[in-house]
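Structure at a glance
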Amino acid sequence: KQWYQRRVRGIEILEKGEFQLSEKERQSALNSKFTEVAASISGMCINPATQRPYPVSMVETAMKDAHVSVNPNKSAKQQALEVLKTLKESIPIERVKMTIRVSIGQGDAKKCRDQIKALFSSISSEDNDSQFEIVGTAEPGNYKPLAEMVGKHSRGKGMCEVIGVEKSSDMDVFKS
């Protein structure tokens, strides 16, 4: 009799495409996603005072204190970016800066050189020989505007590439 009920239930699931999770399974999935979001934040952010990443446990605590809930159906990275905005209100936290190289022809660079420079937080090298090339650190949110600007002004002949991420002095947590 039990095997028949399980079989009928299995056919029901296949026909309707629905599967009911038990409370424990749902809670386990939520806890797993919560930890995944916290680990993602820990990997992409630092404490600006110490220039070191926050431990996952500290990020989890800050998320709980801020009453953050996660959605088990959204990607962890997408949620991490959303949660980061909330965490900035309660703890000092910043995204790790990217090291970006931009190369564009001199003629094309005349139009947008100052705009490109404005998107960098610091510039480590600048070359104005045959091509305008600049290497520096920028906020991750500035990469897309940089790439679009280079593509637009160089008509696809320029280049914008991420060559690394800023590392804290004694930790090898972030690899490019």
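Residues numbered from 1 in each chain as written. Predicted model: local features only at pLDDT ≥ 70, side-chain atom pairs only at ≥ 80, totals over all residues. Heavy atoms only, no water.

On a plain count of helices and strands, the chain comes out with six helices and six strands. When its helices and strands are written in sequence order, the chain yields α-α-β-α-α-β-β-α-β-β-α-β. Burial statistics for the chain: of 176 residues in total, 33% are counted as buried. As displayed, the chain offers around 11300 Å² of accessible surface, 50% of which is attributable to carbon and sulfur atoms. (Helix = DSSP H or I, 4+ residues; strand = E, 2+ residues; numbered from the N terminus. Buried < 20%, exposed > 50% of the residue type's maximum accessible area, 1.4 Å probe, protein only. Areas by Shrake-Rupley, 256 points an atom, 1.4 Å probe, with all protein chains shown as cover.)

Take the pairing of strand 4 (residues 122-127) next. Side-chain positions along a regular strand alternate between the two faces of the sheet. With five bridges joining them, strand 4 and strand 5 (residues 131-138) adopt antiparallel strand pairing. Paired with Asp127 across the strands is Glu133, a residue of strand 5. Count of turn residues in the strand 4/strand 5 antiparallel hairpin: three residues. (Pairing = 2+ DSSP bridges.)

To continue, consider the packing of aromatic side chains. Taken as a whole and assessed by the stated rule, the structure comprises zero aromatic pairs. For Arg113, the ring lying beneath its charged end belongs to Phe132, and the centroid distance is 4.6 Å. (Phe/Tyr/Trp six-rings, centres within 6.5 Å; stacked < 30°, edge-to-face > 60°. Lys NZ or Arg CZ within 6 Å of the ring centre and 35° of its normal.)

All right, on to the pattern of salt bridges then. Inspection of the entire model under this criterion finds eight salt bridges. In this structure, Glu139 engages Lys97 in a salt bridge whose closest nitrogen and oxygen atoms are separated by 3.0 Å. Of the two residues, Glu139 is situated in the loop between strand 5 and helix 6 (143-154) and Lys97 in the loop between strand 2 (94-95) and strand 3 (98-105); the sequence distance between them amounts to 42 residues. Residues joined by salt bridges that share partners form a network here, namely Glu94, Lys97 and Glu139. (Salt bridge = Lys/Arg side-chain N within 4 Å of Asp/Glu carboxyl O.)

By the element assignment, Ser154 lies in helix 6. Judged by relative accessible area, which is 1%, Ser154 ranks as buried. Sequence separation between Ser154 and Ser103 is 51 residues; the distance between their C-alpha atoms is 9.6 Å. Sequence-distant contacts of Ser154, that is, excluding residues within four places in its chain, are made with Ile104 and Asp108. Among the polar contacts made by the side chain of Ser154, one reaches the main-chain carbonyl oxygen of Val150 at a distance of 2.5 Å. Separated by 2.7 Å, the side chain of Ser154 and the backbone nitrogen of Gly158 make a polar contact. (Contact = heavy atoms within 4.5 Å. Polar contact = N/O pair within 3.5 Å; in protein donor to acceptor, adjacent residues only side chain to side chain.)

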